[in-house]
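These are the residues of each chain, in order.
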Amino acid sequence: MTKLTAIRGFNDILPAESAKWRKVEHILMQVLDAYGFGQIRLPMVENTDLFARGVGEATDIVEKEMFGVVHGNQNTGADEDDKSFTLRPEGTAGCVRAVIEHNLTRGDTPKLWYMGAMFRYERPQKGRYRQFAQLGVESIGSPLPDADAELIAMTAMMWRRLGVFEHVSLELNTLGEAHERIAYKTALVEYLTAHFDGLDDDSQRRVSTNPLRVLDSKDEQTQAILLGAPKLSDFLGEESRLHFEQVQNYLHTLGIDFVINQKLVRGLDYYNKTVFEWVTDKLGSQATVCGGGRYDGLIGIIKGKPEQSEPAVGFAMGLERLMLLIEAVNPIADTTACDVFVVAGENVYMNAVLYANELRTHRPNLRVKMASATSLKSQMKKADKSGAGFTVIIGDDEVSSQTVSVKNMATGEQVSYAMMDFDFY
Ligand code: ATP
Ligand code: MG
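Everything numeric here is computed off the predicted structure, so don't read it as measured data.

What follows is about the pattern of salt bridges. Scanning the entire structure with this criterion turns up 21 salt bridges. Between Lys20 and Glu327 there is a salt bridge, with its nearest N and O atoms 3.9 Å apart. Separated by 307 residues along the polypeptide, Lys20 in helix 1 (residues 15-34) and Glu327 in helix 11 (residues 319-329) bring together distant segments of the chain. On the basis of relative accessibility, which here comes to 8%, the residue Lys20 falls in the buried class. Residue Glu327 is classed as partly exposed on the basis of its relative accessible area of 39%. Residues joined in a network through salt bridges with shared partners are Asp60, Lys64, Arg206, Arg213 and Asp216.

For the rest of this paragraph, the subject is the site of ligand 1. Not every one of the 13 residues close to ligand 1 is listed here, only the nearest: Arg120, Glu122, Arg128, Tyr129 and Arg266. At 2.6 Å from a nitrogen atom of ligand 1 is found a side-chain nitrogen or oxygen belonging to Glu122. Between an oxygen atom of ligand 1 and a main-chain N or O atom of Gly318, the distance comes to 3.4 Å. Burial of ligand 1 by the protein chains amounts to 86% of its free accessible area of 590 Å². Contributing elements (two or more residues each) for the shell around ligand 1: strand 5 (131-140), strand 9 (288-294) and strand 10 (312-318). For the shell around ligand 1, the per-class residue count stands at 4 nonpolar, 4 polar and 5 charged.

Next up on the list: the state of the cysteines. As used in these notes, a disulfide is a covalent bond between sulfur atoms, one from each of two cysteines. In this structure the tally under the stated criterion is 0 disulfides. Unpaired in this structure, Cys95 has its nearest cysteine sulfur neighbour in Cys290, at a distance of 15 Å.

Turning our eyes to something else, we now look at the pairing of strand 5. The element strand 5 is extensively covered by neighbouring structure, given that 9 of its 10 residues are classed as buried. Sheet topology note: the strand 5/strand 10 ladder contains 7 bridges and is antiparallel. Looking at strand 10, one finds that Leu135 is bridged to Met317.

The next point concerns the packing of aromatic side chains. Applying the stated criterion to the full structure yields 10 aromatic pairs. When the ring of Trp159 is compared with that of Trp278, the centres are 5.8 Å apart and the planes differ by 75°; the resulting orientation is edge-to-face. Of this pair, Trp159 sits in helix 5 (residues 145-162) while Trp278 sits in strand 8 (residues 272-279), and the two are 119 residues apart along the sequence. Of the residues examined, Trp159 reaches a relative accessible area of 0% and is grouped as buried. Classification of Trp278 by relative accessible area gives buried; the value is 1%. Measuring from centroid to centroid gives 5.0 Å for Phe390 and Tyr425, while their planes differ by 70°, and the two rings are edge-to-face. Here the residue Phe390 occupies a position in strand 13 (residues 390-394), and Tyr425 occupies one in the segment after strand 15 (414-418), the gap between them amounting to 35 residues.

Next up on the list: the sheet that holds strand 13. Judged by pairing direction, the sheet is mixed, and its 5 strands sit side by side in the order 12-11-13-14-15 without closing on themselves. Of all strands in the sheet, those with a lone pairing partner are strand 12 (368-370) and strand 15, marking the two edges. Pairwise comparison of adjacent strand axes, ignoring direction, gives a mean angle of 30° for this sheet. Direction of pairing for strand 13 relative to strand 14 (residues 403-408): antiparallel, over a ladder of 4 bridges. Following the sheet pairing, Thr391 is matched in strand 14 by Lys407. Strands in contact with helix 13 (residues 376-386) are strand 11 (340-344), strand 13 and strand 14; relative to strand 11, the strand with the most contacts, it is inclined by about 175°.

Phi at Lys273 takes a positive value of approximately 50°, unusual for a residue other than glycine. When you line up the elements, Lys273 lands in strand 8. Here Gln402, not a glycine, exhibits a phi torsion of approximately 55°, which is positive. You can see Gln402 is positioned in the loop between helix 14 (396-401) and strand 14.

So, how was this worked out
Residues numbered from 1 in each chain as written. Chains lettered and ligands numbered in written order. Predicted model: local features only at pLDDT ≥ 70, side-chain atom pairs only at ≥ 80, totals over all residues. Heavy atoms only, no water. Salt bridge = Lys/Arg side-chain N within 4 Å of Asp/Glu carboxyl O. Helix = DSSP H or I, 4+ residues; strand = E, 2+ residues; numbered from the N terminus. Buried < 20%, exposed > 50% of the residue type's maximum accessible area, 1.4 Å probe, protein only. Near = heavy atom within 4 Å. Polar contact = N/O pair within 3.5 Å; in protein donor to acceptor, adjacent residues only side chain to side chain. Areas by Shrake-Rupley, 256 points an atom, 1.4 Å probe, with all protein chains shown as cover. Nonpolar A, V, L, I, M, F, W, Y, C, P; charged D, E, K, R; others polar. Disulfide = S-S within 2.5 Å. Pairing = 2+ DSSP bridges. Phe/Tyr/Trp six-rings, centres within 6.5 Å; stacked < 30°, edge-to-face > 60°. Axes fitted to C-alpha atoms, helices over the stretch in contact; angles between N-to-C directions. Contact = heavy atoms within 4.5 Å.

See below:
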């Protein structure tokens, strides 16, 4: 029989590692709370149409990375409505769908976050997987530059609290408005067409499908050609320019440094005005830890009524890349899974189980672990390895005197306590 293993690009996160994940997630959630963002829990599967419409047909995600259409019934291979479902490749489309469906913008400007698995059919490598986790944040309803700056400031606070602030840098750009980009695209396509033969294959294809994406081509010769290309900044109107300037003013005031990268266009179709990325030089070519921007048109696009859109800005943070970055520059100490280990002789094990439950009841914050009713020696070995601060030992003598022996694992010192005295720790 073939050995069953996890699917390529899908990872297990084992207990030692997941303890670190929980610490990081906790810090992220503290900052989200500090900024007054509320959690929204979204489905992992949506109608395929949502992504086609919401992410954009000409994006990498929709063109080649949508993972596994799943069916309502695996046995018959079809769901009731014979619709196509897709594992979510990103969270914004689903979040916007929920905001519309539940009318969350009526009388409110919702500030939302979600954390969880995303799926993309990509070639797995370090920092790039087929299932990965993101923190997504969406701030909906404000067209003003303070909303853009607030998200950037919030991520900066996250980096500070995680001890990675010195190892990331902020890149900023503006994509202007759709009509400005149209004028720019025309000029850009004209330029690229004149230099068509020198472009790499992907870029040649993109000249007709998504010319702005040519700007972030990794190909050297294409980049050399781009040096002479028209610049989007020359096509911006007063409103876009002012918005961008004000975002920068907020960041200056908050002491957040950035560089303007005119080639930053982001992979998704729906952005306008501000786009940003936090990048690091510690993760090789998977350098972007977090990316986001403004998407004032998306809500209208998903509604199918462009004129009824609402302004919004958001970002997504790749949590595997964040964990790799933390591991590289400011590793989290290994933590133990328990505080107290309870061991007991086989014939009094029942008493020990009862004791451990009482201890957990009286001291709900203590992590109390037991092995199983094997030999005392093998239980003690497990207690030694567990990293527990104290081991509670219960034998025949302890049961008859209604005491426990509490061993301090750091000093080896052993003290007797009344069985119902739970304050030794
Ligand atoms: P990239 O250019 O690296 O493919 P992207 O532009 O596709 O990134 P987004 O869609 O903006 O990425 O997603 C936001 C973040 O999610 C990325 O900056 C990255 O940290 C993380 N991310 C994206 N795809 C993956 C993946 N396949 N595996 C792990 N993390 C990912
Ligand atoms: Mg990608």
